[in-house]
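# Inside the fold
Below are the chains, spelled out letter by letter.
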Amino acid sequence: MQLPAALAGLLGSGLGLVVGSFVALLTWRLPRGRAPTGRSVCDACGARLGAADLVPVFSFLWQRGRCRHCGAAIASRNLVIEIAAGVIGAALLWRFPQPEGLVVALAGWWLLALIVLDVEEYWLPDVLVLPFCGVALLVPGPLLPERLWGAGLGLGGLWLIGALYRWRTGRDGLGGGDPKLLGALGLLHGVWSLPFLITGASLLGLALAGWDRVRGRTIVATTRLPFGALLAAMALLLLWVGPQWKELL
């Protein structure tokens, strides 16, 4: 069964807004040791939020970004994440209006959660990275041997680069979650995606560093960039292109 692409994209955007609300909650609570389940409450006054407070995007706009109980400002990150998830759902289900498009969209939303955590916390927790490996294997793509080579070389290669950098400089150049994430992305897109992912993420990092210089921010050797988030962003691009991405290189 295949839906018209426009209808699938519309459904994907609506579903993405709902998923984005959960991603915003998950990525806020997880670093603070709080379970992502249970009733939502206002962080400022502790009031329980009802259904009218939790409609993705629309509640934020209707309430002008403030809690209707106490008037405290609601973090705009929630709105940004919800919109991003909506765009991801629309783009991926428009691109893949078949049933397996839901798995592709799930992988995209999972990558979004990892991007948010790495950008905000410089943290790629095992509790999200390791289960993503199972999702990656469900996404249509290369044959299993190519995926396994991708996982092994992604994990081992990036870990070795980090170890050599630490030995040479005496400081960490990569987070502990980056090699695991690249291994998971190798499972998702196969071994031949690794040069594209690493090169693309590095170029994105250089572009961000250049933008910081334009804004007057001082860049030093210890300046941190969320490399895992950059890898995940490139993986999202390959998700949208689809299994035939190698034909474009």
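Up top you'll find the structure we're talking about.
Below, the structure is looked at part by part. Keep in mind that what you see is a predicted model, and the values were worked out from it rather than measured. (Residues numbered from 1 in each chain as written. Predicted model: local features only at pLDDT ≥ 70, side-chain atom pairs only at ≥ 80, totals over all residues. Heavy atoms only, no water.)

### A look at the packing of helix 4 (residues 101-121) against helix 5 (residues 126-138)
Viewed as axis vectors pointing N to C, helix 4 and helix 5 meet at an angle of 155°, and their least axial separation amounts to 9 Å. One finds that helix 4 runs roughly antiparallel with respect to helix 5. For the pair helix 4 and helix 5, the sense of crossing is left-handed. Where helix 4 abuts helix 5, its residues Val103, Leu106, Ala107, Trp110, Leu111, Leu114 and Leu117 lie against Leu128, Val129, Pro131, Phe132, Val135 and Leu138. (Axes fitted to C-alpha atoms, helices over the stretch in contact; angles between N-to-C directions. Helix = DSSP H or I, 4+ residues; strand = E, 2+ residues; numbered from the N terminus. Parallel < 35°, antiparallel > 145°, perpendicular 65-115°, else oblique. Left-handed = near helix turned anticlockwise from the far one by under 90°. Contact = heavy atoms within 4.5 Å.)

### Description of the packing of helix 3 (residues 76-95) against helix 4
Where helix 3 meets helix 4, the closest approach of the two axes is 9 Å, and the angle between their N-to-C directions is 150°. Relative to helix 4, helix 3 is oriented roughly antiparallel. Seen along the crossing, helix 3 lies across helix 4 with a hand that is right-handed. Along its contact with helix 3, which presents Arg77, Ile81, Ala84, Ala85, Ile88, Gly89, Leu92 and Leu93, the element helix 4 presents Gly101, Leu102, Val104, Ala105, Gly108, Trp109, Leu112, Val116 and Glu120. Residue composition of the contact of helix 3 with helix 4, by class: twelve nonpolar, three polar and two charged. (Nonpolar A, V, L, I, M, F, W, Y, C, P; charged D, E, K, R; others polar.)

### Section: the pattern of salt bridges
Applying the stated criterion across every chain yields a total of three salt bridges. A salt bridge links glutamate 121 to arginine 32; the shortest N-O distance between them is 4.0 Å. With glutamate 121 in helix 4 and arginine 32 in the loop between helix 1 (5-29) and helix 2 (58-62), the pair connects residues that are 89 residues apart, well separated along the chain. Exposure remark for glutamate 121: the relative accessible area of 31% places this residue in the partly exposed category. (Salt bridge = Lys/Arg side-chain N within 4 Å of Asp/Glu carboxyl O. Buried < 20%, exposed > 50% of the residue type's maximum accessible area, 1.4 Å probe, protein only.)

### Here's the deal with the packing of aromatic side chains
Under the defined criterion, the tally for this structure stands at two aromatic pairs. Here the aromatic rings of tryptophan 110 and phenylalanine 132 are separated by 6.3 Å at their centres, their planes lie at 50°, and the arrangement is tilted. With tryptophan 110 in helix 4 and phenylalanine 132 in helix 5, this residue pair connects regions lying 22 residues apart in the sequence. Just above the ring of tryptophan 28 sits the side chain of arginine 32; from NZ or CZ to the centre is 3.5 Å. Sitting over the ring of tryptophan 240, arginine 95 keeps its end group 5.9 Å from the ring centre. (Phe/Tyr/Trp six-rings, centres within 6.5 Å; stacked < 30°, edge-to-face > 60°. Lys NZ or Arg CZ within 6 Å of the ring centre and 35° of its normal.)

### So, the side chain of arginine 77
In this fold, arginine 77 is placed in helix 3. Classification of arginine 77 as buried rests on a relative accessible area of 13%. Within the structure, arginine 77 has its side chain in polar contact with the backbone oxygen of alanine 24 (distance 3.0 Å). For arginine 77, the residues in contact, after removing those within four places along its chain, are Ala24, Thr27, Trp28, Val116 and Glu120. (Polar contact = N/O pair within 3.5 Å; in protein donor to acceptor, adjacent residues only side chain to side chain.)

### Digging into the nonpolar core
If you look at the biggest cluster of nonpolar residues, it comprises 53 residues, and the most contacted ones within it are Leu111, Phe132, Leu185, Leu197, Leu231 and Leu239. Those elements that provide at least two residues to this core are helix 1, helix 3, helix 4, helix 5, helix 6 (144-169), helix 7 (177-189), helix 8 (194-214) and helix 9 (227-241). (Core = buried A, V, L, I, M, F, W, Y, C linked by side-chain atoms within 4.5 Å.)

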